[in-house]
Number of protein chains: 2
Amino acid sequence: MAYALASRTSRLKSSAIRELLKITQQPEVISLAGGLPAPELFPIEALQKASDTVFRTHGPTALQYGPTEGVGALRARIAATQQFRALPEQVLVTTGSQQGLFLISQIMLDPGDLVVVESPSYLGALQTFDAHQAEYLIVQSDSQGVIPESLEEVLANAPKKPKFIYLIPNHQNPSGVTIEALRRSKIVEIAERHDVIIVEDDPYGALTFSGQTPPPLRAFSDTHVVYLGSFSKVFAPSLRVAYAIPPAGLFKYMVQVKQCMDLQTGNLPQLLALETFAELDFDTHLARLRATYGHRCEAMMASLEAHFPKGSTWTHPQGGMFVWVQLDSDVNTQELLDRAVEHKVAFVPGAPFCVDGGGKNAMRLNFSNVPPATIEEGVSRLANLIKAAVAATV
Amino acid sequence: MAYALASRTSRLKSSAIRELLKITQQPEVISLAGGLPAPELFPIEALQKASDTVFRTHGPTALQYGPTEGVGALRARIAATQQFRALPEQVLVTTGSQQGLFLISQIMLDPGDLVVVESPSYLGALQTFDAHQAEYLIVQSDSQGVIPESLEEVLANAPKKPKFIYLIPNHQNPSGVTIEALRRSKIVEIAERHDVIIVEDDPYGALTFSGQTPPPLRAFSDTHVVYLGSFSKVFAPSLRVAYAIPPAGLFKYMVQVKQCMDLQTGNLPQLLALETFAELDFDTHLARLRATYGHRCEAMMASLEAHFPKGSTWTHPQGGMFVWVQLDSDVNTQELLDRAVEHKVAFVPGAPFCVDGGGKNAMRLNFSNVPPATIEEGVSRLANLIKAAVAATV
């Protein structure tokens, strides 16, 4: 049966990560693939108490329809806890940050419009921009993040004005790289001068191991930065509670599209997030997340150093969940994955993150969801498979 | 500050209902406006117990990421409880039925594509099709719902093949009208013959006062009907848990767009819906909803009969939440609304439901969220305002 689909469906593809999730849910597989928070660190007791409180004190309001913009008290809490000046009425609660990416794509992108991205960049964002038939310009990055001079060059030479620049300034997915503090104001200055909006995706800012995260890009511009924050990584993904803080001129349109998309994020998960703050010593909880992830990241660095073949390079994250590994060889990581899964270890191949055709010999490794000993075992298994693959190509 | 927006934003508008929600949340206003379930009938105790069970027995799984398609056990439960044969793998869990409408629009609609709708039809669906730059063809209805001969005529004379037909067969929003059982197979036969898909939106089917709902359109076609069901009206809107059961050939595309839109509906609300079935005598709960809404509907019929000026006509719902009233006069219900709000009573004016330019002297009244005595008072206030408006125009 053939259906007459919209032209945009030709650009649809499944997320390589979401498909992998199905394989990696098998318990015997060591998964360095997903982007899952450590389940043993979920504040489950606080969430359960918060849930009791929500049913007991908010009653039917927690279950009824509510405004599209979000629950007032949560918007106020979000506004008050940003690293930049924000008012409650600037906050739009979203159903995960993924929804924020879709909302901004809906209101900005006509088919063929340009988006500036890094290569590699977050696969779920690329998938969303693809679904809006975007075309890409690539800004260069190094170990200190996006290079301001490269952004200047890209914007100055763009064949038409890009609709926005998509960046993950803290512990980028998949690279793990953070944009250095002094570069941030320069990047915003360049974007403002060229009158191009930045979409600042910040799910990992709270997971900086040192606790010291540079100021967000949004701190430098009220007019040209859409900030996206989330509770998925600090509380739990299944709340699907995140938020967008766009420039005033974009707010109304995002609300209107959100009405079409899901009417509103449920009052129940919003109130659950709000009451979890009351039940939890948030600073202690964050400190525990940072310490654990920092320890796991160190374990991954040590394991890569110990096992990976000479010539491999990798990033050195200061937070977040991911390391990006580049193999100095002709090893195709997409092909390697099949053998890896046979040997009960999984990772995400680099190519789907790269709109420039690169990443074929790269991989993203996750350290947040695996204890140190398992990281060592997983990295060691991978190293053996890589060495075997290199030997086979010689 | 002017932003370069996508062309589709020119068709965006705010939902008249969602904007009204802000006014009607004032406690002293009698709201016959919203589409809110009766909060006193929320199965709050069962939901609270279910919530305990979810945290206790599902633990971290309830909080982690999960598959885009939905939680397996919930998909199985949904498949097993339909009025048509469905398999778990045909069920896509969505973040409210509104998301189902957006998903189908994304995969089917190019700008300028045709959608067949009734006039009046559900405002949130029209808003979504508008956001996809759809154009409309109108199928005629009477007190027995959509007229098959009219659908035949519309499809036979369409300037190009419509992408889909949007219908709410049970207790239509806003009209309250149900498509008569014998018409249903005819409608599906016509759609199949013209090879046009039907989007069957069914949030109110479980709310048939008699408990006897005619077979869904989906029962007559595996290939040409996308069925949308929801837990919003039977459990609680704030779960934002609903489902789509599309033809097999559309499933994959809907999943891919959903990945872009919000990755997945949260495991937590899905498991909450699942466990609520275990905590609740569902048949007794439904019987209570039906009896209460039936009683309120009768109260509204009696109040309209007693108070509304001669020449007004209204529908006679067999379920659901809404009555559609047509005034036999030049009263503009949009203008009437301002005076109504001053007199602390609210309704939704008819025009935003009508893509044919009609509905200017019509209104949608809600009976689910208001006790009988308040319905009488609200309808009586409205009647006085209408009489005053009629007197002013003579």
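A quick note: this is a predicted structure, and the numbers were derived from the prediction, not measured.

*Asks:* How would you sum up the overall build of chain A? Please name residues and give values.
*Replies:* Assigned secondary structure in chain A consists of 12 helices and 15 strands. Taking 2.2 N^0.38 as the reference for a compact globule, 394 residues should give roughly 21 Å; the C-alpha atoms of chain A span a radius of gyration of 21 Å, in line with that estimate. Judged by the C-alpha coordinates and their principal axes, chain A covers about 65 × 55 × 55 Å. Burial statistics for chain A: of 394 residues in total, 64% are counted as buried. Entry remark: accessible area of chain A is about 13,500 Å², with carbon and sulfur atoms responsible for 52%. Taken together, the 32 basic and 39 acidic charged side chains of chain A have centroids lying 3 Å from each other.

*Asks:* Hey, could you go over the sheet that holds strand E7 (residues 164-167) of chain A for me, with residue numbers and the actual values?
*Replies:* Residues and elements named next belong to chain A. On the basis of which strands lie adjacent, the open sheet formed by seven strands has the order E2-E10-E9-E8-E7-E3-E4 and mixed pairing. The open sheet has two edge strands, strand E2 (92-94) and strand E4 (135-138), and neither has a second partner. Recorded for the sheet is a direction-independent mean angle of 25° between the axes of neighbouring strands. Sheet analysis places strand E9 (residues 225-230) next to strand E10 (residues 242-245), joined by four bridges and oriented antiparallel. Looking at E10, one finds that Gly229 is bridged to Tyr243. Here helix H4 (residues 97-108) sits on the sheet and contacts E2, E7, strand E8 (197-201), E9 and E10; the angle it forms with E9, its principal contact strand, is near 155°.

*Asks:* Kindly report on the relation of the copies chain A and chain B, identifying the contributing residues and their values.
*Replies:* Superposition of the two copies of the chain requires a rotation about an axis and a shift along the axis. Overlaying chain A on chain B yields an RMSD of 0.0 Å, the required transformation being a rotation through 180° with an accompanying axial translation of 0.0 Å. In symmetry terms, the pair is related by a two-fold rotation axis. Minimal C-alpha distance to the rotation axis in chain A is attained by Ser51(A), lying at 3.7 Å. By residue overlap, the copies meet face to face through one surface: 100% of the interface positions of chain A are interface positions in chain B.

*Asks:* Please give an account of the sheet that holds strand E3 (residues 114-117) of chain B that cites residues and values.
*Replies:* Residues and elements named next belong to chain B. Across the sheet, which stays open at both edges, the seven strands sit in the order E2-E10-E9-E8-E7-E3-E4 with mixed pairing between neighbours. What marks the edges here is a single partner per strand, and that holds for strand E2 (92-94) and strand E4 (135-138). Direction aside, the axes of adjacent strands within the sheet are offset by 25° on average. Note: E3 against E4, four bridges, orientation parallel. Counterpart to Val116 in the pairing with E4 is Leu137.

*Asks:* Report on the interface of chain A and chain B, specifying residues and quantitative values.
*Replies:* On the side of chain B, 84 residues touch chain A, which itself brings 84 residues to the contact. Here chain A packs against chain B, burying approximately 7,200 Å² in sum over the two surfaces, 59% of which is carbon and sulfur. When the buried area of chain A at its contact with chain B is split by residue, Tyr3(A), Arg18(A) and Tyr65(A) rank highest and sum to 11% of it. At the boundary of chain A and chain B, one finds zero salt bridges.

*Asks:* Could you give me a rundown of the side chain of Ser31(B), with the residues and numbers involved?
*Replies:* All names here are of chain B. Within the secondary structure, Ser31 is located in strand E1 (residues 30-31). Within polar-contact distance, the side chain of Ser31 engages the backbone nitrogen of Ala33 at 3.1 Å. Excluding residues that lie within four positions of it along the chain, Ser31 makes contacts with Thr24, Ala346 and Val370.

*Asks:* Can you tell me about the pairing of E3(B), naming the residues and giving the values?
*Replies:* Of the two faces of E3(B), the one carrying Leu114(B) and Val116(B) and the one carrying Val115(B) and Val117(B) are both buried. You can see the chain leave E3(B), run along helix H5 (residues 123-131) of chain B and come back into E4(B), and the turn it takes is right-handed.

*Asks:* Could you give an account of the packing of aromatic side chains, naming the residues involved and the relevant values?
*Replies:* Here the structure, examined in full by the defined rule, presents 25 aromatic pairs over all chains. Measuring from centroid to centroid gives 5.7 Å for Phe231(A) and Phe277(A), while their planes differ by 75°, and the two rings are edge-to-face. On the criterion of sequence distance, the pair formed by Phe231(A) in the loop between E9 and E10 and Phe277(A) in helix H9 (residues 267-279) is long-range, its members being 46 residues apart. Each member of the pair, Phe231(A) together with Phe277(A), is buried. Taking 5.6 Å as the distance between ring centres and 15° as the angle between the ring planes, the aromatic pair formed by Phe231(B) and Phe235(B) counts as stacked. Phe231(B) gets classed as buried once you look at its relative accessible area, which sits at 6%. Judged by its relative accessible area of 1%, Phe235(B) falls in the buried class. An aromatic cluster of three or more residues is present, and its members are Phe231(A), Phe235(A), Tyr243(A), Phe277(A) and Phe282(A).

*Asks:* Kindly report on the packing of helix H2 (residues 44-58) of chain B against helix H9 (residues 267-279) of chain B, identifying the contributing residues and their values.
*Replies:* Axes are the key here: two packed helices are described by the angle between their axes and the distance separating the axes. All names here are of chain B. Interaxial distance between H2 and H9 falls to 8 Å at its minimum, and their mutual angle equals 115°. The hand of the H2/H9 crossing is right-handed. Residues Ala46, Leu47, Lys49, Ala50, Ser51, Thr53, Val54, Phe55 and His58 of H2 form the contact with H9, whose own contacting residues are Leu268, Leu271, Leu272, Glu275, Thr276 and Glu279. Of the residues that constitute the contact of H2 with H9, the class distribution is eight nonpolar, four polar and three charged.

*Asks:* Quick one: what's the story with the state of the cysteines, residue by residue and with numbers?
*Replies:* Scanning the model with the defined rule gives zero disulfides over all chains in all. Of all cysteine sulfurs in the structure, the one in Cys260(B) sits closest to Cys260(A), which takes part in no disulfide; the separation is 17 Å. Between Cys297(B), a cysteine without a disulfide, and Cys354(B), which holds the nearest cysteine sulfur, the sulfur-to-sulfur distance is 20 Å. A residue is classified by how much of its surface remains accessible, and Cys297(B), at 3% relative accessible area, is buried.

*Asks:* Summarise the side chain of Ser175(A); cite the residues concerned and give the values.
*Replies:* For Ser175(A), the position within the fold is in the loop between E7 and helix H7 (181-193). Reaching out from Ser175(A), the side chain makes a polar contact with the backbone nitrogen of Val177(A) at a distance of 3.1 Å.

*Asks:* Residue-level account of unusual backbone geometry, with values.
*Replies:* Following Ser119(A), the chain continues to Pro120(A) via a peptide bond in cis, the omega torsion being 15°. Relative to the assigned elements, Pro120(A) resides in the loop between strand E3 (114-117) and helix H5 (123-131). Here the amide bond leading from Asn173(B) into Pro174(B) is cis, since omega sits at 15°, within 30 degrees of zero. Its identity is not glycine, yet His171(A) carries a phi of approximately 55°, on the positive side. Assessed through its relative accessible area of 2%, His171(A) is described here as buried. Of note in the backbone geometry, Arg240(B) takes a positive phi value of approximately 50° without being a glycine.

Conventions and cut-offs
- Residues numbered from 1 in each chain as written.
- Chains lettered and ligands numbered in written order.
- Predicted model: local features only at pLDDT ≥ 70, side-chain atom pairs only at ≥ 80, totals over all residues.
- Heavy atoms only, no water.
- Helix = DSSP H or I, 4+ residues; strand = E, 2+ residues; numbered from the N terminus.
- Rg over C-alpha atoms; globule rule 2.2 N^0.38 Å.
- Buried < 20%, exposed > 50% of the residue type's maximum accessible area, 1.4 Å probe, protein only.
- Areas by Shrake-Rupley, 256 points an atom, 1.4 Å probe, with all protein chains shown as cover.
- Lys, Arg positive; Asp, Glu negative; His and termini not counted.
- Charge placed at Lys NZ, Arg CZ, Asp CG, Glu CD.
- Pairing = 2+ DSSP bridges.
- Axes fitted to C-alpha atoms, helices over the stretch in contact; angles between N-to-C directions.
- Contact = heavy atoms within 4.5 Å.
- Least-squares fit on C-alpha atoms with pLDDT ≥ 70 in both.
- Buried area = accessible area lost by both parts, 1.4 Å probe.
- Salt bridge = Lys/Arg side-chain N within 4 Å of Asp/Glu carboxyl O.
- Polar contact = N/O pair within 3.5 Å; in protein donor to acceptor, adjacent residues only side chain to side chain.
- Right-handed = clockwise from strand over helix to strand, strands pointing away.
- Phe/Tyr/Trp six-rings, centres within 6.5 Å; stacked < 30°, edge-to-face > 60°.
- Left-handed = near helix turned anticlockwise from the far one by under 90°.
- Nonpolar A, V, L, I, M, F, W, Y, C, P; charged D, E, K, R; others polar.
- Disulfide = S-S within 2.5 Å.

In short, geometric facts, not functional conclusions.
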